Amino acid sequence: MVSLADNLLEEQTLRTDWFQRLGLRFDPYVHLEASSDPHLSEYTVNLDIFRTAWDAAPAIIFAPPGGGKTATRVAVTRTCWYDIGGTYPFPLPYNLGAAPLTGKPPTADQHLHLLLEAGTCALLTGLAFRPERLLRASSAEIRAIVGMLRAGLPGPLNYYLDVLRETGTPAGLTPILERTYALIAPPPQDALHHFCGVLETTNADAARGQPEELFRLFVDLVTGALGFSHILILIDGIDAIYENQAENRLALQWVDDLFDYSKTWSGWKVFIKLFAPDMIEPHITDYLSTHITTDFIARIVWNADLLVELLRKRIFAASDGRFESLDAISTPALADVEWQIVDEITPLPRVALQVTRRALLNYAARTNEGQLDEDDIRQAIAWYQLHAARLQGSAPRA
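Residues numbered from 1 in each chain as written. Predicted model: local features only at pLDDT ≥ 70, side-chain atom pairs only at ≥ 80, totals over all residues. Heavy atoms only, no water.

Quick look at the overall build of the chain
Rule in force here: Secondary structure follows DSSP: runs of H or I at least 4 residues long count as helices, runs of E at least 2 residues long count as strands, and numbering of each begins at the N terminus. The cut-offs for exposure are 20% and 50% of the maximum accessible area for each residue type, with area from a 1.4 Å probe on protein chains only; residues under the lower value are buried, those over the upper are exposed, and the others partly exposed. For the area figures, the Shrake-Rupley method with a 1.4 Å probe applies, and any residue is considered shielded solely by the protein chains shown.
Helix and strand content of the chain: 19 helices and five strands. Taking all 398 residues of the chain together, the buried fraction comes to 53%. Taken as a whole, the chain presents about 17400 Å² of accessible surface, with 51% of it coming from carbon and sulfur.

Some remarks on the layout of surface pockets
As a reminder of what qualifies: With a 1 Å grid laid over protein atoms only, a set of points is called a cavity when a 1.4 Å probe fits there but cannot get out and a pocket when it is open yet has protein on both sides within 12 Å along at least five of seven lines; lining residues have an atom within 4 Å of a point. Grid points are joined across faces, edges and corners, and a volume is the space filled by probe spheres set on the points. Any residue outside Ala, Val, Leu, Ile, Met, Phe, Trp, Tyr, Cys, Pro, Asp, Glu, Lys and Arg is labelled polar, Gly included; the first ten of those are nonpolar and the last four are charged.
There is about 170 Å³ of room inside the second largest pocket. Every residue lining the second largest pocket is counted, 14 residues in all, and those nearest its centre are S41, A75, R78, T79 and Y82. Those elements that provide at least two residues to the lining of the second largest pocket are α3 (47-54) and α4 (69-80). Broken down by element, the residue count for the lining of the second largest pocket peaks at three residues, all from α4. Counted by class, the lining of the second largest pocket contains nine nonpolar, three polar and two charged residues.

What to know about the side chain of H230
Spelled out, the test is: Definition of a polar contact: a pair of N or O atoms within 3.5 Å, with one able to donate and the other able to accept a hydrogen when the atoms are protein atoms, and with sequence-neighbouring residues admitted only if both atoms are side-chain atoms.
Mapped onto the elements of the fold, H230 is located in the loop between α10 (211-223) and β3 (231-236). By relative accessible area, which is 9% here, H230 ends up buried. Within the local environment of H230, its side chain forms a polar contact with the side chain of S229, the two groups lying 2.9 Å apart.

Description of α4
The following threshold applies: The span one expects for a helix is its residue count, reduced by one, times 1.5 Å.
Along its 12 residues, α4 runs 17 Å from first to last C-alpha, staying within 8% of the 16 Å computed at 1.5 Å per residue. In terms of burial, α4 is largely enclosed, as 10 of its 12 residues are buried. Turning to α4, its buried residues number three or more, namely K69, T70, T72, R73, V74, A75, V76, T77, R78 and C80.

Considering the nonpolar core
Quick note on the threshold: We call a set of buried Ala, Val, Leu, Ile, Met, Phe, Trp, Tyr and Cys residues a nonpolar core when their side-chain atoms join them within 4.5 Å. Throughout, a residue-residue contact means that at least one pair of heavy atoms, one from each residue, lies within 4.5 Å.
Of all hydrophobic cores here, the largest spans 134 residues; its most connected members are F90, L124, F195, F215, F218 and W265. Looking at which element gives the most residues to this core, the answer is helix α5 (residues 108-129), with 12 residues. With near-sequence residues (within four places) excluded, F218 lies in contact with F90, L92, L116, G119, T120, L123, M148 and I231.

Things to note about the pairing of strand β2 (residues 90-95)
We count it as follows: Paired strands, as defined in this entry, are two strands with at least two bridges between them according to DSSP.
When you tally the buried positions in β2, you get five out of six residues, the bulk of the element. Both β2 and β3 contribute to a ladder of six bridges, which runs parallel. Its bridge partner lying in β3, F90 is registered against I231.

What to know about the sheet that holds strand β1 (residues 59-63)
Just so we agree on the cut-off: Note on geometry: axes are lines fitted to C-alpha atoms, helical ones only across the stretch in contact, with angles between N-to-C directions running from 0 to 180 degrees.
Pairing is parallel in the open sheet, where five strands are placed in the order β2-β3-β4-β1-β5. Of all strands in the sheet, those bounded by a partner on one side alone are β2 and β5 (297-299). Within the sheet, the average angular offset between the axes of one strand and its neighbour, ignoring direction, is 20°. Here α4 sits on the sheet and contacts β1, β2, β3 and β4 (270-277); the angle it forms with β3, its principal contact strand, is near 155°. Together, β2, β3 and β4 form the strand contacts of α10, whose direction differs from that of β3 by roughly 125°.

Side note on the pairing of β3
Within β3, six of the six residues are buried, which leaves it mostly tucked inside the rest of the structure. Burial along β3 is two-sided: I231, I233 and I235 and L232, L234 and D236, pointing in opposite directions, are all buried. In terms of strand pairing, β3 meets β4 through five bridges, oriented parallel. Its bridge partner being in β4, L232 is matched across the sheet by F271.

Topic: unusual backbone geometry
Phi at D320 is positive, roughly 55°, even though this residue is not glycine. Position of D320 relative to the elements: it lies in the loop between α15 (304-318) and α16 (337-342).

Listed below in structure tokens is the structure:
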């Protein structure tokens, strides 16, 4: 049972000046949900899986809960928009957990409608961060893009342009359209206002057509006028659906229509990337082997070396490269802090982050002076051992 004291400590928000006193510009372990971490691109690891998620080929990527599925998806999303030079794919995040709560999987047409909405939300947010990608298109291409945005966005285009003007930053759109598009290096305000003016004054009605026609038009604009090499449909959230949690063999029903499109979409330069929990793997691979080859099935596998790298990259980023390990803020008697933590836990990144942050919380609760010590680590590991089942999550029924 989790005590009130445990909950209060676990939920504690440490003050920015506490980290600054340590020589850190932010809390490197606080974001357990990758989509909310603005610094994720600074410490991404596991590059083999990253390449699988990036390549122009369909793929299913399995991992245990807390095993890095969302982190990989978000890292791919943000890297695709790094700048407008070179050849990059367009990332289309499709969160099945955000589909309408009907208790039933979407039909093929409903999937296409939801994909168009997710695609236009992502496109407007990305273009707001990188307006030069839109502005280099021809007038006719911009009219077509505006027509597509009007057709696919969940609200009026002008509403979102007003949000951009009022907030003065593309980050104003991320909470309401696509939160994984928290990109670095936003444009100057004058460039953002020019972008809004171009979209607002472009005379174009909403594009019309059947769901498949509209989605094909969206694909053509993204890979043609906007110059992306291909489209990655990054499917996540299949384990967030209640019915799939209760009986994970049902998860197949949420993706089979999508994979029916896989061969056709590959000809359009559109590739499905399904991020799925490992407990549904037996139920999904047999069916999907008739749609994509087993060569495109990958697994995110964590070992001690990768987890230590993950923890150390975070302290390195937060310290602007001054510290390579938590050893730098620890007592002389405490060495290889990351290894001491990783050696005692299940090899999952979410667990590693929780236990490491717990050690910092112990340290902060103990003193405003001094350094991280052995008792802080020992208490964090003891807390993990007491609550391991809750931290690792419970598996659904087979």
